[in-house]
Amino acid sequence: MKKFTKILVLTAALMAILAVASFASPHGIIENEPVDISAGNVTIDGFINEDEGYSEPALANYDTLGYYWAHNPLSTNASIYYTFNDDGIVVGVDVIEGLEAIDERDGTDLTGLNQFNYSTGEDDLDRDVDTGANDYGWNGDVIGLMFDPLGALIGEGFSGSSDLSANYLIGLFQGADGEADYTRVYRAHSIEDKEITDLVVSAGRVTEEGWMIEIMIPWDLLIEDVDWASMSMVQLNKEMIIANGAIIRTNFLYQDRFYDDEQGAVATWGRYMTAPATLNDGTPGHMGSGEGIASYGIKLVVNSIEFPDVPKTGTWYSEGVYYCASKGYITGTDKGEFNPNGKLTREQFVVILARVAGADLTQYTVSKFADVKATSWYGPSVIWANESEYVNGVGDGTKFGVGQDMTREQLATMFFRYAKGNGVNVEGKADLSDYTDVATIGSWAKDACAWAVDAGLLSSTKTDAKVLSPKMSVTRAQAAKIFMSYDAFAQA
């Protein structure tokens, strides 16, 4: 939200908080419901796609914030999405600017005046001259994220307005000469306040209604910051944070900037945060400092995947199944089971492959196969895989073979093409002459099978003899192990 008359002096932050209590008269804040989050497979590109595993959004709007820290109405909304992977927690934020905004003190119509502003460098406007703190990292509009995993900080008594966790502050910078916009990330209230763009993965872009960002914050970085904030009283690890049912307390900051004609410079109007309806001590949420961990108003509830038909350990496929599930490659059935002995179909394979690739499937809308509708759940993946020359049709090529089981030689061939197309070394070839059924491998698949054996994707299907079984159907459990093996090979 932006003010276009005189600017409230934000350096008197404490006075601003008291002012909210005296004249804001909040209409009643509706607390965000706890947000279920699970493992996803997000491509960090500035586009928030629901099929990548994101949660339902937490909302920062008039209902959840009221007049937080200011008397002017909110004219900016945000939806905040969450997921996680092996590397860290992933957050997507969709900001909408320019909403209807009537100043409830005097009826002034501010609708449409609030628009996004790029960052151009470090924040000097609100730098605290006494402490040298750079609370917002960048000038321009800034998104800030903060976390209290497991409620560990507040559980240790760090709950005052001065008790903070690290702020991860994201600014969007305009690319020069037609180059793509880019994000930069600053860490404040931490062991060392500085730019950490190279420590995270982030991307952003301007949208028709505002702007959007995605960021992956590594677990190691988050754990280090919690350790520092707690004076080493809180010792966490990734497994603890993402255990099924674990709660991650978090918050969202938005720093709005605009060009003020009176000052002839960029000015600041307000920051708002998602505050709970009441703080732990019973204080109304809108009267808290916002940055203090007591005000972290979004609760993420981790939904770690556990399949009733696949033990976490003890079978040859357990590790592969849960590896692929954590990556978002392979999901369970409608009944919540994994069905490890179920056969993998050709269309299921390409859907998984598209997830592994992080493919943007929005542009794949025209199918050349008679048995593939572009609007089907597998259609865009099949079209992508075919146009990328990873897969072909069956028979005369007019059909893809929807519903047909994926065979081991087909899988090897598709993986071989995919690896080669993505710069992975495919020169290794195993000697297959010792395999008793080598003659049954299709001529079109021999090189691929030799590579797949060398890469560790395929091995003998029997322990007392070398048998490749190229025509054998691949089960879901086998596929999970093979996809895990491929990742290990490609990343070696």
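Everything numeric in this text was worked out from a predicted model, so none of it was measured.

Procedures and definitions
- Residues numbered from 1 in each chain as written.
- Predicted model: local features only at pLDDT ≥ 70, side-chain atom pairs only at ≥ 80, totals over all residues.
- Heavy atoms only, no water.
- Buried < 20%, exposed > 50% of the residue type's maximum accessible area, 1.4 Å probe, protein only.
- Helix = DSSP H or I, 4+ residues; strand = E, 2+ residues; numbered from the N terminus.
- Pairing = 2+ DSSP bridges.
- Contact = heavy atoms within 4.5 Å.
- Axes fitted to C-alpha atoms, helices over the stretch in contact; angles between N-to-C directions.
- pLDDT = per-residue confidence, 0-100.
- Parallel < 35°, antiparallel > 145°, perpendicular 65-115°, else oblique.
- Left-handed = near helix turned anticlockwise from the far one by under 90°.
- Nonpolar A, V, L, I, M, F, W, Y, C, P; charged D, E, K, R; others polar.
- Phe/Tyr/Trp six-rings, centres within 6.5 Å; stacked < 30°, edge-to-face > 60°.
- Lys NZ or Arg CZ within 6 Å of the ring centre and 35° of its normal.

Q: Go over the pairing of strand 7 (residues 182–188), please, and point to the residues and values.
A: For a regular strand, the rule is simple: side chains alternate between the two faces of the sheet. Among the seven residues of strand 7, five are classified as buried, and the element is accordingly described as predominantly covered. As judged from the seven bridges shared by strand 6 (residues 167–173) and strand 7, these two strands associate in the antiparallel manner. Each bridged residue has a counterpart across the sheet, and for I170 the counterpart in strand 7 is V185. Inspection of the sheet shows strand 7 paired to strand 8 (residues 194–195) by two bridges, in the antiparallel sense. Following the sheet pairing, Y186 is matched in strand 8 by E195. With antiparallel pairing between neighbouring strands as the criterion, strand 7 and strand 8 make up a hairpin whose turn holds five residues, including H189 at a positive phi of roughly 55°.

Q: Hey, could you go over helix 6 (residues 318–327) for me, with residue numbers and the actual values?
A: Across the ten residues that make up helix 6, a large majority, nine, are buried. Of the positions making up helix 6, those classed as buried are S318, G320, V321, Y322, Y323, C324, A325, S326 and K327. If you follow the buried residues of helix 6, they end up packed against strand 3 (77–84) and helix 11 (476–491). Looking one or two residues beyond helix 6, the residue adopting positive phi is G328, at roughly 80°.

Q: Outline the side chain of D148, listing residues and values.
A: Assignment of secondary structure puts D148 in strand 5 (residues 142–149). Other than its neighbours up to four places away in sequence, D148 contacts L153, I154, I248, R249 and Y296.

Q: Tell me what's going on with the sheet that holds strand 2 (residues 58–60), and back it up with residues and numbers.
A: Here we have five strands laid out as an open sheet, ordered 2-3-4-10-9, and antiparallel in their pairing. Lying at the two open borders of the sheet, with one neighbouring strand each, are strand 2 and strand 9 (201–206). Along the sheet, successive strands turn relative to each other by an average axial angle of 15°, direction set aside.

Q: So what's going on with the confidence of the model for the protein? Residues and values would help.
A: Averaged over every residue, the pLDDT of the protein is 85; residues scoring 70 or more account for 87%. Every residue in residues 1–25 is under pLDDT 50, and counting partners more than four places away or in other chains gives 60 contacts.

Q: Run through the packing of helix 9 (residues 408–421) against helix 11, naming residues and quoting values.
A: Describing two packed helices takes the angle between their axes plus the distance from one axis to the other. The interhelical angle for the contact between helix 9 and helix 11, taken along N-to-C directions, is 25°, at an axis separation of 13 Å. One element, helix 9, and the other, helix 11, form an angle in the roughly parallel class. Crossing geometry of helix 9 relative to helix 11 is assigned as right-handed. Across the interface between the two elements, L411, F415, Y418 and A419 from helix 9 touch I482, F483 and Y486 from helix 11. For the contact of helix 9 with helix 11, the per-class residue count stands at seven nonpolar, no polar and no charged.

Q: I'd like a rundown of the pairing of strand 10 (residues 210–218), residues and numbers included.
A: Across the nine residues of strand 10, nine count as buried, placing the element largely inside the fold. Sheet topology note: the strand 4 (residues 88–96)/strand 10 ladder contains nine bridges and is antiparallel. When the bridges of strand 10 are listed, I89 appears paired with I217. Across six bridges, the pairing between strand 9 and strand 10 is antiparallel. What sits directly across from R205, in strand 10, is M212. Counted along the chain from strand 9 to the antiparallel partner strand 10, the turn is three residues long.

Q: Before we move on, can you summarise the environment of V35 with the specific residues and values?
A: Positionally, V35 belongs in strand 1 (residues 35–37). For the pair V35 and P57, spaced 22 residues apart in sequence, the C-alpha separation works out to 7.5 Å. With near-sequence residues (within four places) excluded, V35 lies in contact with S55, E56, A58, I298, K299, L300 and V301.

Q: A description of the packing of aromatic side chains should follow, citing residues and the corresponding values.
A: Per the stated rule, a full pass over the model turns up 25 aromatic pairs. Centre to centre, the rings of F307 and F338 are 5.3 Å apart; their planes meet at 55°, and the pair counts as tilted. You can see F307 sitting in the loop between strand 13 (298–302) and helix 6 and its partner F338 sitting in the loop between helix 6 and helix 7 (346–357), a full 31 residues away along the chain. Assessed through its relative accessible area of 0%, F338 is described here as buried. Ring centres of Y418 and Y486 lie 5.8 Å apart, and the angle between their planes is 55°; on these two criteria the pair is classed as tilted. Taken together, the residues Y418 in helix 9 and Y486 in helix 11 connect sequence positions 68 residues apart. Given the relative accessible area of 6%, Y418 is considered buried. Members of the aromatic cluster, each reached through a chain of ring pairs, are F349, W384, Y390, F415, Y418, F483 and Y486. Just above the ring of F338 sits the side chain of R476; from NZ or CZ to the centre is 4.6 Å.

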